[in-house]
Structure formats: C-alpha cells, structure tokens
Amino acid sequence: TLDLASSLADRCHCAVVLACDGLFEVMSNEEVGREVVRMRKEGYKAGDIAKNLCGQALKKGSYDNLSVVVVYLDHVQ
C-alpha cells in the first residue's frame, strides 16, 4: 500500500509509467521521467506520451516488445 496523497502533496506533473523492457533497455528511468514531465508540461495527453515514448525507443534501436502506459496522478482537493 502506498499513500500517494502525502507523497505527492507538494508536487505537480506527476505520473506513473508502466512499461516493458523494450523501453527501459534503451532509455533510463531518469530519461523517461524527464520526458514525461516535459511533455506533460507541454500539454500532452497521457496516451500521447505513451506513444511518443514508444517512438523514441524505436528510434533508439529497441527491437523488443514495446508496451507503455502512462497514468497522470492529479491532486484533487
């Protein structure tokens, strides 16, 4: 169990990225995180970020299966 309310109380642009090794073999956790935050700030929808990450992995030479799901975590008061 994870208490997201307290963990994310002072943060914005938070998201969860679920992806297979086809993404993480060619991109680090930090690189994926930076890209998600950048695209979210630019107004991308979660599904569009997932598609974009798949495209970036293909360009970087991923030959494995590519599955990416992005879920926004918005703080609601």
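Structure's up top.
Residues numbered from 1 in each chain as written. Predicted model: local features only at pLDDT ≥ 70, side-chain atom pairs only at ≥ 80, totals over all residues. Heavy atoms only, no water.

Asker: Hey, could you run me through the overall build of the protein in this one?
Answerer: Across its full length, the protein carries 4 helices and 2 strands. Moving toward the C terminus, one meets the helices and strands of the protein in the order α-β-α-α-α-β. By the burial criterion, 26% of the 77 residues in the protein qualify as buried. Intrachain contacts of the protein at a sequence separation of at least 6 include 66% that bridge at least 24 residues. For the protein, the computed accessible surface area is about 5300 Å², with 52% contributed by carbon and sulfur atoms. (Helix = DSSP H or I, 4+ residues; strand = E, 2+ residues; numbered from the N terminus. Buried < 20%, exposed > 50% of the residue type's maximum accessible area, 1.4 Å probe, protein only. Contact = heavy atoms within 4.5 Å. Areas by Shrake-Rupley, 256 points an atom, 1.4 Å probe, with all protein chains shown as cover.)

Asker: Explain the environment of Gly55 here, please?
Answerer: Structurally, the position occupied by Gly55 is in helix α4 (residues 46-59). Through-space distance from the C-alpha of Gly55 to that of Leu66 is 9.4 Å; in sequence the pair is 11 residues apart.

Asker: Please clarify how the packing of aromatic side chains should be interpreted in this entry.
Answerer: Two numbers describe a pair of aromatic rings. These are the distance of the centres and the angle of the planes. Applying the stated criterion across every chain yields a total of 0 aromatic pairs. Taking NZ or CZ as reference, Arg40 lies 3.8 Å from the ring centre of Tyr72, over its face. (Phe/Tyr/Trp six-rings, centres within 6.5 Å; stacked < 30°, edge-to-face > 60°. Lys NZ or Arg CZ within 6 Å of the ring centre and 35° of its normal.)

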